[in-house]
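Coordinate inspection notes
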Amino acid sequence: MKKIFFITITILLFTSCSNGLFNMSDGVDGADIDITINPTTLHYQELNTVGGYMYLTAREPSRGLIVYRFSMDEFRAYDRKPPYNPDECGETTRLIVDFPFVVDECHDFKYNIIDGSIVEGEGRILYYYNTSFDGTTLRIWN
């Protein structure tokens, strides 16, 4: 019953937040991201199922990526650089996943992994990157 409640609330939140929230962020300034992977392979097995996530490395100034499988044919990709005072706890501070949240442990902020919106804390939504999936290849770019 709790699972059904959580799924219902998540769907309601996602559909009610379709006001361009995703369009407010375009990744970390100066980060040139263009990554292509095949999430159906064993190397990316965490991404084989809906709800799976994985950390990927990326060039600076990015601090890496969180890739989340939203549905069978949709992915979300967020930068691991905190969007609020990212260097306050050091230049290597990274966001982590505590499903269903992305957590900034430095500031004790929580973000929704589905759309990057703030659940606890202040500031702006997570830095995100564009994704496209053709059934085999996932491309992440800005």
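This text gives an overview of the structure that appears in the document. (Residues numbered from 1 in each chain as written. Predicted model: local features only at pLDDT ≥ 70, side-chain atom pairs only at ≥ 80, totals over all residues. Heavy atoms only, no water.)

Further remarks concern the side chain of arginine 63. For arginine 63, the position within the fold is in the loop between β2 (53–56) and β3 (65–71). At a separation of 3.1 Å, a polar atom in the side chain of arginine 63 contacts the main-chain carbonyl oxygen of proline 86. Within the structure, the side chain of arginine 63 is placed 2.4 Å from the side chain of aspartate 87, a separation counted as a polar contact. (Helix = DSSP H or I, 4+ residues; strand = E, 2+ residues; numbered from the N terminus. Polar contact = N/O pair within 3.5 Å; in protein donor to acceptor, adjacent residues only side chain to side chain.)

Moving on, we come to the pattern of salt bridges. Scanning all chains against the criterion turns up 4 salt bridges. For arginine 63, the salt bridge is made with aspartate 87, and the minimal N-O distance between the two is 2.4 Å. Pair noted here: arginine 63 is in the loop between β2 and β3 and aspartate 87 is in the loop between β4 (74–79) and β5 (96–98), with a separation of 24 residues, a long-range link. In this structure arginine 63 comes out as buried when scored by relative accessible area, which is 7%. (Salt bridge = Lys/Arg side-chain N within 4 Å of Asp/Glu carboxyl O. Buried < 20%, exposed > 50% of the residue type's maximum accessible area, 1.4 Å probe, protein only.)

This paragraph deals with the environment of tryptophan 141. Topologically, tryptophan 141 is positioned in strand β10 (residues 138–141). Each C-alpha atom, one on tryptophan 141 and one on aspartate 34, is 4.3 Å from the other, the two residues being 107 residues apart in sequence. Residues contacting tryptophan 141, with those up to four places away along its chain left out, are Ile33, Asp34, Tyr129, Asn130, Thr131 and Ser132. (Contact = heavy atoms within 4.5 Å.)

Attention now moves to the side chain of arginine 76. Take arginine 76: it is sitting in strand β4. By relative accessible area, arginine 76 is classed as buried at 8%. Polar contacts involving the side chain of arginine 76 include one to the side chain of glutamate 74, which spans 3.5 Å.

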